[in-house]
Amino acid sequence: MGFLVVVFGVVFAVHYYLYRRLIRSTTLPGRARKALTAVLVLLLVLLLVALVGTRVASSWIVHLLAWPGFIWVAVMFYVTLICLALEIPRLILNRFFRGDPVKAAPPPKVIPATVGSSSGPRKIEIQVEDVVEPPKRPDRRLFINRTAAVVAGVGAGTIVGFGLKSGLGDPVLERVPIRLANLDPRAHGLRIALVSDIHLGPLTGIAHTERIVDKINRCDADIVAIVGDLVDGSVRELGHLAAPLRDIQARQGSYFVTGNHEYYIEGGPAEWIDTLEAYGIRTLANERLSIYHDGVEAITLAGVNDVNGATMEAGPDLHPALFGRPEGVPTVLLAHQPVIGTEAASWGVDLQLSGHTHGGQMVPFDQIVPLQQPVVRGLDTIGEMQIYVTRGAGFWGPPVRVGAPPEVTLIRLERG
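Below or above, wherever it landed, is the structure these notes cover. (Residues numbered from 1 in each chain as written. Predicted model: local features only at pLDDT ≥ 70, side-chain atom pairs only at ≥ 80, totals over all residues. Heavy atoms only, no water.)

## Description of the overall build of the protein chain
And then number 1: The number of helices and strands found in the protein chain is ten helices and 14 strands.
And then number 2: Looking at the protein chain residue by residue over its 416 residues, the buried ones come to 47%.
And then number 3: Once local pairs closer than 6 in sequence are excluded, the contacts in the protein chain between residues at least 24 apart make up 73%. (Helix = DSSP H or I, 4+ residues; strand = E, 2+ residues; numbered from the N terminus. Buried < 20%, exposed > 50% of the residue type's maximum accessible area, 1.4 Å probe, protein only. Contact = heavy atoms within 4.5 Å.)

Written as structure tokens, this is what we have:
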């Protein structure tokens with residue numbers, strides 16, 4: 001509850017800041033300011049529908065409103081960043097253009113005049129002040145603030161536009177060779193198609209799943225590994241979107257481990273595990289099996305539940321997954337979150353395959369992820385264990401990816 005309070009507090013604070021920067025400082029009191037304020041309030045409502053409504057309701061109208069709501073999340077984020085970056089230049093320019101100094105009014109003119117009276121003509125003096133109109137010039141501060149607002153809007157719109165194209169487009173195929181010192185020479189060249197964070201949900205259509213499955217099948221892999229966050233809803237709501245998964249092809253089988261989002265579903269991942277089983281995809285829940293290649297035991301393939309499984313007393317447990325495994329055979333561990341690698345390395349795991357981070361999804365979030373996870377994306381090491389973290393094939397929240405395009409990975413195991 002406290003986390004939600006913080007989140008919504010930040011959301012409202014950001015919208016107030018945008019009101020001050022994009023509306024109040026760029027308009028004069030009147031209809032234009034009222035209209036723009038109403039638009040900002042509407043966008044805030046759509047954002048709340050996207051963040052909250054999609055979790056508590058599954059009606060078509062909620063899903064329809066979620067589209068502009070989630071897109072506004074991305075636009076809001078980048079508009080705010082650009083506005084903050086422009087704060088100092090805007091402040092300097094506003095101080096520099098304070099306006100021309102006010103000139104002192106000229107002294108009144110004295111005009112002599114003669115007036116008549118009962119005692120005869122009398123001279124008097126009349127003071128006349130010149131009426132000086134102030135020079136008409138544009139308000140430079142208003143111009144500066146409007147220019148900054150336009151720059152922020154155009155900049156954010158451009159970034160999000162390219163991000164939408166990336167997020168809704170085909171995933172990139174990353175080919176990654178990984179050397180394992182204890183790999184049997186006959187297992188050299190074993191191919192693993194890795195995919196994570198597909199996030200079937202209210203903003204994805206069946207074409208999203210079909211694109212990913214097609215990319216996986218083009219890998220011609222021995223093993224397919226789906227490392228969590230497959231769905232953002234129940235089988236009843238999203239089962240039709242998962243149907244193309246039955247077409248996944250792999251010579252040595254397809255395997256799945258749960259991600260944190262599988263535990264956000266009421267009742268947990270049990271129904272999805274059964275559905276995937278019917279599609280020929282086996283779930284590794286704190287367990288392992290042996291993968292054979294060219295007649296030899298090539299690798300031990302282990303998989304653990306996600307950390308969030310602990311909320312349902314089904315958290316990750318490396319002991320049953322790794323204890324007593326064959327000696328001299330490389331161990332490949334499937335775990336949704338890279339953070340599991342800290343413990344996995346101590347078990348002597350050779351390679352961990354993970355997702356969860358989305359590679360940051362939208363820069364500069366990739367600079368924040370290391371606060372929680374030891375690896376953000378790509379191939380790295382934890383101790384003596386190698387780990388590969390995929391950017392994921394889908395998106396969460398905004399259908400936008402900036403600096404972190406969606407990915408399907410083809411890993412080729414080599415002896416070395």
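Alright, that's what it looks like, and here's the rest.
## Description of a nonpolar patch on the surface
And then number 1: A surface patch of nonpolar side chains, amounting to about 300 Å² of accessible area, comprises Leu93, Phe96 and Phe97.
And then number 2: Note that phenylalanine 97 resides in the loop between helix H4 (87–96) and strand E1 (109–115).
And then number 3: Given the relative accessible area of 32%, phenylalanine 97 is considered partly exposed. (Patch = residues over 30% accessible without salt bridge, like charges linked within 9 Å, V, L, I, M, F, W, Y side chains within 5 Å. Areas by Shrake-Rupley, 256 points an atom, 1.4 Å probe, with all protein chains shown as cover. Salt bridge = Lys/Arg side-chain N within 4 Å of Asp/Glu carboxyl O.)

## Some details on the environment of proline 171
And then number 1: Structurally, proline 171 is set in the loop between helix H5 (140–167) and strand E3 (172–180).
And then number 2: Residue class for proline 171 comes out buried when judged on its relative accessible area of 4%.
And then number 3: Sequence separation between proline 171 and histidine 208 is 37 residues, and the spatial gap between their C-alpha atoms is 9.7 Å.
And then number 4: The contacts of proline 171, once residues within four sequence positions are left out, are Ile212, Lys215, Pro406, Glu407 and Val408.

## Observations regarding helix H7 (residues 235–242)
And then number 1: The complete set of buried residues in H7 reads Leu238, Gly239, Leu241 and Ala242. Here the buried residues of H7 occupy an arc of 165 degrees about the axis, which is enough to place them on one side. Among the exposed residues of H7, those pointing more than 90 degrees away from its buried face are Arg236 and His240. (Arc of directions from axis to C-beta.)

## Digging into unusual backbone geometry
And then number 1: The amide bond that connects valine 363 to the next residue, proline 364, takes the cis arrangement and shows omega of 10 degrees.
And then number 2: With respect to the element layout, proline 364 can be found in the loop between strand E11 (351–354) and strand E12 (378–382).
And then number 3: Positive phi, normally seen in glycine, also occurs at histidine 199, with a value near 55 degrees.
And then number 4: With respect to the secondary-structure elements, histidine 199 resides in the loop between strand E4 (191–195) and helix H6 (206–217).
And then number 5: Relative accessible area serves as the criterion here: at 2%, histidine 199 is assigned to the buried category.
And then number 6: Positive phi, close to 55 degrees, is recorded for aspartate 294, a residue that is not glycine.
And then number 7: For aspartate 294, the position within the fold is in the loop between strand E8 (287–293) and strand E9 (296–303).
And then number 8: A residue is classified by how much of its surface remains accessible, and aspartate 294, at 59% relative accessible area, is exposed.

## A closer look at the packing of H7 against helix H8 (residues 270–278)
And then number 1: At a minimum axis separation of 11 Å, H7 and H8 run at an interaxial angle of 25 degrees. When the axes of H7 and H8 are compared, the pair comes out roughly parallel. Like other packed secondary-structure pairs, H7 and H8 cross with a definite hand, here right-handed. Counted together, Val235, Leu238, Gly239 and Ala242 of H7 and Glu271, Trp272 and Thr275 of H8 form the full contact between these two elements.
And then number 2: Tallied by class, the residues present in the contact of H7 with H8 amount to four nonpolar, two polar and one charged. (Axes fitted to C-alpha atoms, helices over the stretch in contact; angles between N-to-C directions. Parallel < 35°, antiparallel > 145°, perpendicular 65-115°, else oblique. Left-handed = near helix turned anticlockwise from the far one by under 90°. Nonpolar A, V, L, I, M, F, W, Y, C, P; charged D, E, K, R; others polar.)

## Focus on the nonpolar core
And then number 1: In terms of nonpolar packing, the biggest core is built from 30 residues, with Leu18, Trp72, Tyr78, Val79 and Met362 touching the most fellow members.
And then number 2: Of all elements in the fold, only helix H1 (2–24), helix H2 (31–56), helix H3 (60–85) and H5 reach the threshold of two or more residues within this core.
And then number 3: Of all the elements, H3 adds the most residues to this core, at twelve residues.
And then number 4: In contact with leucine 18, not counting residues within four places along its chain, are Ile23, Leu40, Trp72, Met76, Val79 and Thr80. (Core = buried A, V, L, I, M, F, W, Y, C linked by side-chain atoms within 4.5 Å.)

## Points about the sheet that holds strand E5 (residues 223–227)
And then number 1: The strand order across the open sheet built from six strands is E3-E14-E4-E5-E6-E7, with neighbouring strands paired in mixed fashion. Of all the strands in the sheet, the pair left with one neighbour each is E3 and strand E7 (281–283). Looking at each pair of strands side by side, their axes are set apart by 25 degrees on average, direction ignored.
And then number 2: Relative to strand E6 (residues 254–257), E5 runs parallel, the two being bridged by four bridges. Paired with isoleucine 226 across the bridge in E6 is phenylalanine 256.
And then number 3: Of the strands in this sheet, E6 and E7 touch H8, which is tilted by about 145 degrees from E7. (Pairing = 2+ DSSP bridges.)

## Quick word on the sheet that holds strand E13 (residues 385–389)
And then number 1: Read from one edge of the open sheet, six strands run E8-E9-E10-E11-E13-E12, paired in mixed fashion. Of all the strands in the sheet, just E8 and E12 have a single pairing partner and so form its edges. On average, adjacent strands in this sheet sit at an angle of 25 degrees to one another, irrespective of strand direction.
And then number 2: In this sheet, E11 lies alongside strand E10 (residues 331–334) in parallel orientation, the contact comprising three bridges.

## What about the side chain of threonine 409?
And then number 1: By the element assignment, threonine 409 lies in strand E14 (residues 407–415).
And then number 2: Looking at threonine 409, the relative accessible area reads 0%, which means it is buried.
And then number 3: Only 2.4 Å separates the side chain of threonine 409 from the side chain of glutamate 407, close enough to count as a polar contact.
And then number 4: Those residues within four positions of threonine 409 in sequence are excluded, and the remaining contacts are Glu174, Val176, Ile192, Ala193, Leu194, Tyr388 and Thr390. (Polar contact = N/O pair within 3.5 Å; in protein donor to acceptor, adjacent residues only side chain to side chain.)

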